[in-house]
Amino acid sequence: MKVKVSRKASFNAAHRLYRPDWSDEKNSAVFGKCNNPSYHGHNYDLIVSVEGEIDQETGFVMDLKVLKDLIKMHVEEALDHKNLNKDVPEFKDLNPTAENIAVVIWNKLRPHIEETKELEVVLYETPRNFVTYSG
């Protein structure tokens, strides 16, 4: 019997969608306002879900306090109130699109979740725009 448990979190960050190998015209045409050279920010909402068997001893799939602490340590402390392009090493050579941010978050958390459990990251860049990554 598999069950999915989830924890919601949030962080605020700035970024610029930009490819240095493209001309300014192409960057502007593809990324629009998100290519602003002065950056722009989002209030990101994050839902991290872990799916697996219920432990018969504890009744948990995963202790949500542990998941909360993992998100705080590996996601919020790394990304909150940061310029993703300038302050986060994972984005040195990676365009910080919502898709790439979700994958980076998943990669930060995956080593800390039991291998037998499935991990899913849902990242809301705006209330209507979100991405889902499950590995």
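All of the points below concern the structure found in this document.

### Regarding the overall build of the protein chain
Logical step 1: Secondary structure summary: the protein chain contains four helices and five strands in total.
Logical step 2: Counted from the first residue to the last, the protein chain has its helices and strands arranged as β-α-β-α-β-α-α-β-β.
Logical step 3: With the C-alpha coordinates aligned to their principal axes, the bounding extent of the protein chain is approximately 60 × 25 × 25 Å.
Logical step 4: A burial count over the protein chain gives 38% of its 135 residues as buried.

### Focus: the pairing of strand β4 (residues 118-124)
Logical step 1: The buried fraction of β4 amounts to five of the seven residues, a majority that puts the element mostly inside the structure.
Logical step 2: One ladder, built from seven bridges, connects strand β2 (residues 40-53) with β4; its direction is antiparallel. Within the sheet, the bridge partner assigned to V48 lies in β4 and is V121.
Logical step 3: Inspection of the sheet shows β4 paired to strand β5 (residues 130-133) by four bridges, in the antiparallel sense. Its bridge partner lying in β5, V121 is registered against Y133.
Logical step 4: Here β4 folds back onto β5 in antiparallel fashion, the turn holding five residues.

### Details of the packing of helix α2 (residues 64-79) against helix α4 (residues 98-109)
Logical step 1: Close contact between α2 and α4 brings their axes to 10 Å; oriented N to C, the two are set at 140 degrees. In terms of their interaxial angle, α2 and α4 are classed as oblique. At the point where α2 passes α4, the crossing takes the right-handed sense. Across the interface between the two elements, L70, I71, H74, V75, A78 and L79 from α2 touch I101, I105, K108 and L109 from α4.
Logical step 2: For the contact of α2 with α4, the class distribution of residues is eight nonpolar, one polar and one charged.

### Here we look at the nonpolar core
Logical step 1: Judged by nonpolar contacts, the single largest core of 30 residues is most densely connected at F11, I101, I105 and L123.
Logical step 2: Secondary structure elements with two or more residues in this core: β1 (2-15), β2, α2, α4 and β4.
Logical step 3: Leaving out residues up to four positions away in the same chain, I105 has contacts with F11, L46, V75, L79, V121 and L123.

### Looking at unusual backbone geometry
Logical step 1: Despite not being glycine, Y39 has its phi angle at roughly 75 degrees, a positive value.
Logical step 2: Among the secondary structure elements, Y39 is positioned in the loop between α1 (24-31) and β2.
Logical step 3: For H81, which is not glycine, the phi torsion reads 55 degrees and is therefore positive.
Logical step 4: Its place among the elements puts H81 in the loop between α2 and β3 (82-83).

### Focus on α4
Logical step 1: Across its 12 residues, α4 extends 17 Å between first and last C-alpha, which sits within 8% of the 16 Å expected from 1.5 Å per residue.
Logical step 2: Along its buried surface, α4 packs onto β1, β2, α2, α3 (84-87), β4 and β5.

### So, the pairing of β1
Logical step 1: Inspection of the sheet shows β1 paired to β2 by 14 bridges, in the antiparallel sense. The residue of β2 that forms the bridge with A9 is L46.
Logical step 2: Across two bridges, the pairing between β1 and β3 is parallel. Considered in β3, the bridge of A13 is made with K82.

How each quantity is defined
- Residues numbered from 1 in each chain as written.
- Predicted model: local features only at pLDDT ≥ 70, side-chain atom pairs only at ≥ 80, totals over all residues.
- Heavy atoms only, no water.
- Helix = DSSP H or I, 4+ residues; strand = E, 2+ residues; numbered from the N terminus.
- Buried < 20%, exposed > 50% of the residue type's maximum accessible area, 1.4 Å probe, protein only.
- Pairing = 2+ DSSP bridges.
- Axes fitted to C-alpha atoms, helices over the stretch in contact; angles between N-to-C directions.
- Parallel < 35°, antiparallel > 145°, perpendicular 65-115°, else oblique.
- Left-handed = near helix turned anticlockwise from the far one by under 90°.
- Contact = heavy atoms within 4.5 Å.
- Nonpolar A, V, L, I, M, F, W, Y, C, P; charged D, E, K, R; others polar.
- Core = buried A, V, L, I, M, F, W, Y, C linked by side-chain atoms within 4.5 Å.
- Expected span 1.5 Å × (residues − 1).

Nothing here speaks to function; it is geometry throughout.
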